[in-house]
Amino acid sequence: YGQELNPESYAICKADMLIKGQDIANIVFGNTLSADGLFGKLFDYMLSNPPFGVEWKKIESVIRKEFEQMGYNGRFGPGLPRVSDGSLLFLLHLVSKMRPAVDGGSRFGIVLNGSPLFTGGAGSGESEIRRYVLENDLVEAIIGLPTDMFYNTGISTYVWIVSNRKPAARKGKLQLIDASGFWQKMRKSLGSKRKELSPEHIDDITRLFGDHVDVSRKVGAGETAPMAPISRIFRNEDFGYRTITVERPERDAAGKIVLGTKGKGKGKPVPDAALRDTENVPLAEDVDTYFKREVLPHAPDAWVDHDKTRIGYEIPFNRHFYVFKPPRPLAEIDAELKGVTDRILTMIGGLTK
């Protein structure tokens, strides 16, 4: 079963199905997001490689209608991403086609660019979609692929493995795998595609996923080479945070705090919008404890407006695999700078003769 918008790809797929003796009626032509050609069908396994960062302005009215009128009975109940990037709409489309866990469940893989991991602050459509899949414990793993893997773009891409039938060891957890160094150069480039995964690389990545443990490997040669993580296990809530609004009081010309005169703010300090700020507090940390430690020492008159607190989720993939490389010794840098300076002075001396 499948759906495809590109006429050439659609035709090739149908031809392939005919050769293999499959029912070509199961391959539908059309826009997956605006006209679901497989409405009501559920699947055990699914694969998708949607267009990266595709704008959905032309079909916005249809998408918003489904979102507003059908809610969670439709495909886009958790939220809508910004119009400039519909990647997460394809993710929600596949989630809607998962067989219920009580009937055996589903697993699917989808290739996305980097923006669905972190774009959008707390309360945004992107954050709410991430919140939905993480709080419902649907994401098994995200694998970062090498750059230059696709014909039409050289950007970094990520495979999301999503399932509603996680084994016990994976429940409540998300595995990140950095496979960006797993590649070999192609003998002949195909557009922007210059790298490929060898069968051995695929075996390595599959083994990392199957073992489901933290793994680090040496970066570079020699005994002093640093260790870099390539597989890390996190709790789902590790990616959640609260965005709190920190208010500070308005003051009059004499420096006295201005108090409200009516409503629920009567007798309380009036917040100064120009001094308003926000802080992101990890879900696992108590807001008051964080506020006393990180804010009050610098702004003793501040307070948190809890009515404005929003919960957000992001997956800062690269941050979790960053390995600090210490700078070169200062003496070495100074010697190099002196050498450059001496060469410049020699050149200038030659020009003045």
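These numbers come from a predicted model, not from an experiment.

1. Looking at the nonpolar core
Grouped together as the largest cluster of nonpolar side chains are 41 residues, with contacts concentrated most on Leu91, Phe108, Ile142, Trp160, Leu176 and Ile315. Contributions of two or more residues to this core are made by helix H3 (87–95), strand E4 (107–113), helix H5 (125–135), strand E5 (139–144), strand E6 (157–163) and strand E7 (173–178). Sorting elements by how many residues they give to this core places H3 first, with seven residues. If we skip the residues at most four places from it in the chain, leucine 91 touches Phe108, Ile110, Ile129, Val133, Trp160 and Val162. Among the nonpolar cores identified, the runner-up in size contains 15 residues, and Ile143, Phe150, Phe209 and Ile230 belong to it.

2. A few points about the layout of surface pockets
The computed volume of the largest pocket comes to approximately 1300 Å³. Taken together, 41 residues form the lining of the largest pocket, with Gln3, Glu4, Thr32, Ser48 and Asn49 sitting closest to its centre. Elements that contribute at least two residues to the lining of the largest pocket include exactly strand E1 (2–4), helix H1 (7–19), strand E3 (45–48) and H3. By residue class, the composition of the lining of the largest pocket is 22 nonpolar, twelve polar and seven charged. Its boundaries defined by the atoms lining it, the second largest pocket holds a volume of some 360 Å³.

3. Concerning the pattern of salt bridges
Taken as a whole and assessed by the stated rule, the structure comprises 28 salt bridges. Between glutamate 128 and arginine 131 there is a salt bridge, and its shortest N-O distance comes to 3.8 Å. Of this pair, glutamate 128 and arginine 131 both sit in helix H5, three residues apart, which is roughly one turn of the helix. Residue glutamate 128 is classed as partly exposed on the basis of its relative accessible area, which comes to 23%. Exposure remark for arginine 131: the relative accessible area of 23% places this residue in the partly exposed category. One salt bridge in this structure joins aspartate 342 and lysine 338, with 3.0 Å as the shortest N-O distance. Of this pair, aspartate 342 and lysine 338 both sit in helix H8 (residues 330–352), four residues apart, which is roughly one turn of the helix. Three or more residues joined by partner-sharing salt bridges are found here, namely Glu247, Arg276, Asp305 and Lys308.

4. Comments concerning the pairing of strand E11 (residues 227–235)
Examined bridge by bridge, E7 and E11 share five bridges and lie antiparallel to one another. Across the sheet, the residue bridging to lysine 173 is arginine 235, located in E11.

5. Regarding the packing of aromatic side chains
This structure, assessed with the given rule, holds seven aromatic pairs. Ring centres 5.8 Å apart and planes at 40 degrees place the aromatic pair tyrosine 72 and tyrosine 132 in the tilted group. Of this pair, tyrosine 72 sits in the loop between helix H2 (60–70) and H3 while tyrosine 132 sits in helix H5, and the two are 60 residues apart along the sequence. The class of tyrosine 132 is partly exposed, set by a relative accessible area of 24%. Here the aromatic cluster, defined as three or more aromatic residues joined through ring pairs, consists of Tyr158, Phe317 and Phe321.

6. Focus: the environment of isoleucine 19
In this fold, isoleucine 19 is placed in helix H1. Measuring from C-alpha to C-alpha, the distance between isoleucine 19 and glycine 77 comes to 39 Å, with 58 residues separating the pair along the chain.

7. A word on the packing of H3 against H5
Here H3 crosses H5 at 30 degrees, and the two axes come no closer than 11 Å. With respect to H5, the element H3 is oriented roughly parallel. Regarding H3 and H5, the two cross each other, and that crossing is left-handed. Two secondary-structure elements touch here, H3 through Leu88, Leu91, Leu92 and Val95 and H5 through Glu126, Ile129, Tyr132 and Val133.

8. A closer look at the sheet that holds strand E10 (residues 215–218)
One open sheet accounts for seven strands, arranged E3-E4-E6-E5-E7-E11-E10; its pairing is mixed. The sheet is open, and its two borders are formed by E3 and E10, each paired with just one other strand. For this sheet, the mean angle separating the axes of adjacent strands, direction not counted, is 15 degrees. Bridging between E3 and E4 involves four bridges; their strand directions are parallel. Looking at the pairing, leucine 47 lines up with glycine 109 of E4. In this fold helix H6 (residues 199–211) packs onto E4, E5, E6, E7, E10 and E11, with an angle of close to 155 degrees to the strand it touches most, E7.

9. Things to note about the side chain of glutamine 175
Within the secondary structure, glutamine 175 is located in strand E7. Engagement of the side chain of glutamine 175 in a polar contact is seen with the side chain of arginine 170, the distance being 3.2 Å. Looking at glutamine 175, its side chain comes within polar contact range of the main-chain oxygen of leucine 208, at 2.9 Å. If we ignore the near neighbours within four places in the chain, the residues touching glutamine 175 are Glu140, Ala141, Ile142, Arg170, Leu208, Phe209, His212, Val213, Ser231, Arg232 and Ile233.

Rules behind the numbers
- Residues numbered from 1 in each chain as written.
- Predicted model: local features only at pLDDT ≥ 70, side-chain atom pairs only at ≥ 80, totals over all residues.
- Heavy atoms only, no water.
- Core = buried A, V, L, I, M, F, W, Y, C linked by side-chain atoms within 4.5 Å.
- Buried < 20%, exposed > 50% of the residue type's maximum accessible area, 1.4 Å probe, protein only.
- Helix = DSSP H or I, 4+ residues; strand = E, 2+ residues; numbered from the N terminus.
- Contact = heavy atoms within 4.5 Å.
- 1 Å grid on protein atoms, 1.4 Å probe; cavity = no way out; pocket = protein on both sides within 12 Å on 5 of 7 lines; lining within 4 Å.
- Points joined across faces, edges and corners; volume = space filled by probe spheres on them.
- Nonpolar A, V, L, I, M, F, W, Y, C, P; charged D, E, K, R; others polar.
- Salt bridge = Lys/Arg side-chain N within 4 Å of Asp/Glu carboxyl O.
- Pairing = 2+ DSSP bridges.
- Phe/Tyr/Trp six-rings, centres within 6.5 Å; stacked < 30°, edge-to-face > 60°.
- Axes fitted to C-alpha atoms, helices over the stretch in contact; angles between N-to-C directions.
- Parallel < 35°, antiparallel > 145°, perpendicular 65-115°, else oblique.
- Left-handed = near helix turned anticlockwise from the far one by under 90°.
- Polar contact = N/O pair within 3.5 Å; in protein donor to acceptor, adjacent residues only side chain to side chain.

Nothing here speaks to function; it is all geometry.
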